[in-house]
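Chains, contacts and geometry: an overview
These are the residues of each chain, in order.
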Amino acid sequence: MKIGVVIGTRPDIIKLSPLIRYLENTKAEYFMIHTGQHYSYNMDKQFFEELNLPEPKYNLGIGSKSHGEMTGTMLVGIEKILVDEKPPVVLVLGDTNTTLAGVLAASKMHIKVGHIEAGLRSYDKKMPEEVNRIVADHLSDYLFTPTSVSYGNLISEGILRDKIYISGNPIVDAIQQNLPIAEKKELILDRLKIDKKNYFLVTTHRPENVDNKNILQNIFDALKMIHSEYNYDIIFPVHPRTKSCIKNFEIVVPEFVKTIDPLGYLDFIQLQNNAKLILTDSGGIQEESCVLGVPCVTLREHTERPETIDVGSNILAGTDKDRICDAVKLMVNSENSWENPYGDGTSAKKIIQYLHKKLK
Ligand code: UD1
Ligand code: UDP
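Residues numbered from 1 in each chain as written. Chains lettered and ligands numbered in written order. Predicted model: local features only at pLDDT ≥ 70, side-chain atom pairs only at ≥ 80, totals over all residues. Heavy atoms only, no water.

Right, let's talk about the pattern of salt bridges for a bit. Considering all chains together, one arrives at 23 salt bridges under this definition. Across the pair Glu85 and Lys2 runs a salt bridge, and its minimum N-O distance is 2.6 Å. In this pair, Glu85 is assigned in helix H3 (residues 67-85) and Lys2 in the segment before strand E1 (3-7), connecting sequence segments 83 residues apart. Residue Lys2 is classed as buried on the basis of its relative accessible area of 18%. A salt bridge links Arg133 to Asp95; its shortest N-O distance comes to 3.0 Å. Residue Arg133 is located in helix H5 (residues 128-139), and its partner Asp95 is located in the loop between strand E4 (89-93) and helix H4 (97-108); the two are separated by 38 residues in the primary sequence. For Asp95, a relative accessible area of 12% corresponds to the buried category. Overlapping salt bridges bring together Lys15, Asp95, Glu117, Glu130, Arg133, Glu287, Arg300, Glu304 and Arg305 as one network. (Salt bridge = Lys/Arg side-chain N within 4 Å of Asp/Glu carboxyl O. Helix = DSSP H or I, 4+ residues; strand = E, 2+ residues; numbered from the N terminus. Buried < 20%, exposed > 50% of the residue type's maximum accessible area, 1.4 Å probe, protein only.)

What follows is the structure in structure tokens.
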């Protein structure tokens, strides 16, 4: 069974790394198509290097473009490869333009598609990711949902039970495989001169937050209020989209916010694991903070990860500064005794074994 795996962004590489390792270890026949949606060294290649992943067989080198041009160019490139490779099944993950292009290209060629991280819904169609998820789910043949919540979302949209498999989220596999390696590495905390549980970690990159000057400024204003209340260090690895927005809007970053370049995964999970609290609008970081037992304040009005709210690891704060401060107050001394809802770290194996059964 030859499997085509389509990747393109930082979270795809991280979340699919356990699956790629499993395919390598079992000597499975597979090939990887990298769309090149993310291409800067610290958003792409460093993850292949440190996670010890093989180079993708194909790299389309698409780079940054408008949604239509990016997705269209990917579609053309992926289709050509699928015509040559003729895999019986293609796997995609998540909700990016890369996901959308992979699903569209394969399903139009009547190639079976497996969607990992299926069934997530924010119910906010202004998010490009929500549109990508809905299309991906409705075109896919095998839907691998992280939890029963995402399973229920698909059932309520009329997707057949037979197509859905609750596999857990391979982010748990990634954490379990990489945290012990990360802990043996030089401690990023020493490099940043910060102490365990004595800093807040911040990330933001959603267009609805960072592409709007007032909202981005509000987030920094909230950080000012939080710093004056708690006096913790604030560490902020800056996504390239956010970096250019800070520059274009001429936002002055307060000196107590340590802005740094995006980190490798090993450093970043150490930084998450030792943080007192995380403020983020990232999807993956809402999940990881929950798995690692670190409280999270989400800088959004909705989340497609409601399981994290239900277990008590996460709270929605939007981007109003007072609400963010109130949310931090509520979460900062959480007992961190919640249960991880995202599975036991065997998702990658379960997904491949399921496909073997279905396609034999
Ligand atoms: C994309 C995904 C988003 C995901 C995020 C993960 C879509 C619609 N969005 O958003 O769902 O949460 O990746 O990080 O697919 N840039 C670089 N170097 C890079 C990549 C991007 O400099 O390697 C800069 C470019 O200026 C680019 C901007 O970041 O214009 C945005 O990149 P893009 O891939 O369009 O979207 P993301 O915001 O990264
Ligand atoms: N991440 C990383 N280095 C960083 C910031 C994030 O390795 O400097 C990892 C993080 O651990 C998570 C993933 O990148 O696994 C999340 O990616 P991102 O927030 O860009 O995307 P999203 O999950 O929102 O789609």
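Taken together, the neighbourhood of ligand 1 is formed by 18 residues, with His38, Tyr39, Ser40, Glu129 and Arg241 sitting nearest. Residue His205 places a side-chain N or O atom 2.9 Å away from an oxygen atom belonging to ligand 1. In the model, an oxygen atom of ligand 1 is placed 2.7 Å from a nitrogen or oxygen of the Arg241 side chain. In isolation ligand 1 has 750 Å² of accessible area, and contact with the protein removes 84% of it. Secondary structure elements with two or more residues in the shell around ligand 1: H3 and helix H11 (240-248). Taken together, the residues of the shell around ligand 1 break down into 5 nonpolar, 9 polar and 4 charged. (Near = heavy atom within 4 Å. Polar contact = N/O pair within 3.5 Å; in protein donor to acceptor, adjacent residues only side chain to side chain. Areas by Shrake-Rupley, 256 points an atom, 1.4 Å probe, with all protein chains shown as cover. Nonpolar A, V, L, I, M, F, W, Y, C, P; charged D, E, K, R; others polar.)

In the vicinity of ligand 2, 17 residues are found, and the nearest of them are Arg10, Leu263, Ser282, Gly284 and Glu288. Arg206 has a polar side-chain atom sitting 3.3 Å from an oxygen atom of ligand 2. Expressed as a share of its isolated accessible area of 540 Å², the protein-covered part of ligand 2 is 95%. Those elements giving two or more residues to the shell around ligand 2 turn out to be helix H1 (10-25), helix H12 (265-273) and helix H13 (283-292). Here the residues of the shell around ligand 2 are counted per class, giving 8 nonpolar, 6 polar and 3 charged.

Bringing the packing of aromatic side chains into the picture now. Applying the stated criterion across every chain yields a total of 9 aromatic pairs. Between Tyr230 and Tyr232, the ring centres sit 6.4 Å apart and the planes meet at 10 degrees, which makes this aromatic pair stacked. The buried category is assigned to Tyr232, whose relative accessible area is 17%. Within the aromatic cluster, the residues linked to one another by ring pairs are Tyr142, Phe144, Tyr165 and Tyr354. (Phe/Tyr/Trp six-rings, centres within 6.5 Å; stacked < 30°, edge-to-face > 60°.)

Let us now look at the sheet that holds strand E2 (residues 30-34). Read across the open sheet, the 7 strands follow the order E3-E2-E1-E4-E5-E6-E7; overall the sheet is parallel. Looking at the sheet topology across the chains shown, the edges are occupied by strand E3 (58-59) and strand E7 (164-166). Two strands pair when backbone bridges link them, and E1 and E2 are joined in this way by 5 bridges, in the parallel orientation. Counted as the bridge partner of Val6 is Ile33 from E2. Across the sheet, helix H16 (residues 347-359) touches E1, E4, strand E5 (112-116), strand E6 (142-145) and E7, and the angle it forms with E6 is around 155 degrees. (Pairing = 2+ DSSP bridges. Contact = heavy atoms within 4.5 Å. Axes fitted to C-alpha atoms, helices over the stretch in contact; angles between N-to-C directions.)

On to the pairing of strand E11 (residues 277-280). Across the two faces of E11 the burial is the same, with Leu277 and Leu279 and Ile278 and Thr280 all buried. Judged from the 4 bridges that link them, strand E8 (residues 199-203) and E11 form a sheet pairing that is parallel. What sits directly across from Val202, in E11, is Leu279. Judged from the 3 bridges that link them, E11 and strand E12 (residues 296-298) form a sheet pairing that is parallel. The residue of E12 that forms the bridge with Leu279 is Val297. For the crossover that starts at E11, traverses H13 and ends in the parallel E12, the hand is right-handed. (Right-handed = clockwise from strand over helix to strand, strands pointing away.)

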